[in-house]
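Next come the chains, spelled out residue by residue.
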Amino acid sequence: MEARAIAKTVRIAPRKARLVVDLVRNKSVIEADRILANLNKEAARITRKVLTSAVANAENNLGLNKNNLFVKEIYVNEGQTMKRARMGSRGHVDPIKKRTSHITVVVGEK
């Protein structure tokens, strides 16, 4: 049995979020929560919310015990990119790409 949670169009670059996500892959839920709570990164705060939601889905919808859960899958996909522009030198335009992420967490029972 497995439960999942997805956070879509999160305003953080996928490259930055993947650094955090790689730290908690295949860990127990309790250990992953402790790691994310002690990281000083914005992506850790967002990922922790998604992990908490996946655990709540497992407990409430499937009746699983939190102590037996582990992070089965966790990955970050690229969301849509907001395109902005800023004036550069000599009158040309420099593009600014504000990237977004889709963070998916799947928890399963051992």
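Residues numbered from 1 in each chain as written. Predicted model: local features only at pLDDT ≥ 70, side-chain atom pairs only at ≥ 80, totals over all residues. Heavy atoms only, no water.

> Would you mind going over the overall build of the protein chain with me for this structure?
Along the backbone of the protein chain there are 3 helices and 5 strands. Mapped in sequence order, the helices and strands of the protein chain form the string β-α-α-α-β-β-β-β. Radius of gyration (C-alpha) of the protein chain: 17 Å, far over the 13 Å computed for a compact globule of 110 residues. With 110 residues in all, the protein chain has 34% of them scored as buried. Counted over contacts in the protein chain with a minimum sequence separation of 6, partners at least 24 positions apart contribute 72%. A total accessible area of about 7,000 Å² is found for the protein chain, and carbon and sulfur atoms account for 45% of it. Here the protein chain contributes 23 positively and 10 negatively charged side chains, and the mean placements of these two sets differ by 9 Å. (Helix = DSSP H or I, 4+ residues; strand = E, 2+ residues; numbered from the N terminus. Rg over C-alpha atoms; globule rule 2.2 N^0.38 Å. Buried < 20%, exposed > 50% of the residue type's maximum accessible area, 1.4 Å probe, protein only. Contact = heavy atoms within 4.5 Å. Areas by Shrake-Rupley, 256 points an atom, 1.4 Å probe, with all protein chains shown as cover. Lys, Arg positive; Asp, Glu negative; His and termini not counted. Charge placed at Lys NZ, Arg CZ, Asp CG, Glu CD.)

> Would you mind showing me how to read the nonpolar core here?
Within soluble globular proteins, side chains that are nonpolar tend to cluster in buried spots. Formed by 28 residues in total, the largest nonpolar core has its most connected members in Leu51, Leu69, Val105 and Val107. Secondary-structure elements contributing two or more residues to this core are β1 (2-10), α1 (14-24), α2 (29-38), α3 (42-62), β2 (69-78) and β5 (101-109). Apart from the residues within four sequence positions on either side, Val105 is in contact with Ala3, Arg4, Ala5, Val50, Leu51, Ala54, Glu73 and Ile74. (Core = buried A, V, L, I, M, F, W, Y, C linked by side-chain atoms within 4.5 Å.)

> How should α2 be read in this particular structure?
In an α-helix there are 3.6 residues to a turn, and that puts residues three or four apart on one side. All buried positions along α2 are accounted for by Val29, Ala32 and Leu36. Buried residues of α2, viewed axially, fall in a sector of 60°; they line one side. Turned more than 90 degrees away from the buried face of α2, the exposed residues are Arg34 and Asn38. Contacts from the buried residues of α2 go to α1, α3, β2 and β5. (Arc of directions from axis to C-beta.)

> Looking at this model, I keep getting lost on the pairing of strand β3 (residues 82-87). Mind explaining?
Taken across its 6 residues, β3 has 0 buried, putting it largely on the surface. Taken together, β3 and the strand that follows it, strand β4 (residues 93-98), pair antiparallel across an intervening segment of 5 residues, in which Arg90 is found at a positive phi of about 55°. (Pairing = 2+ DSSP bridges.)

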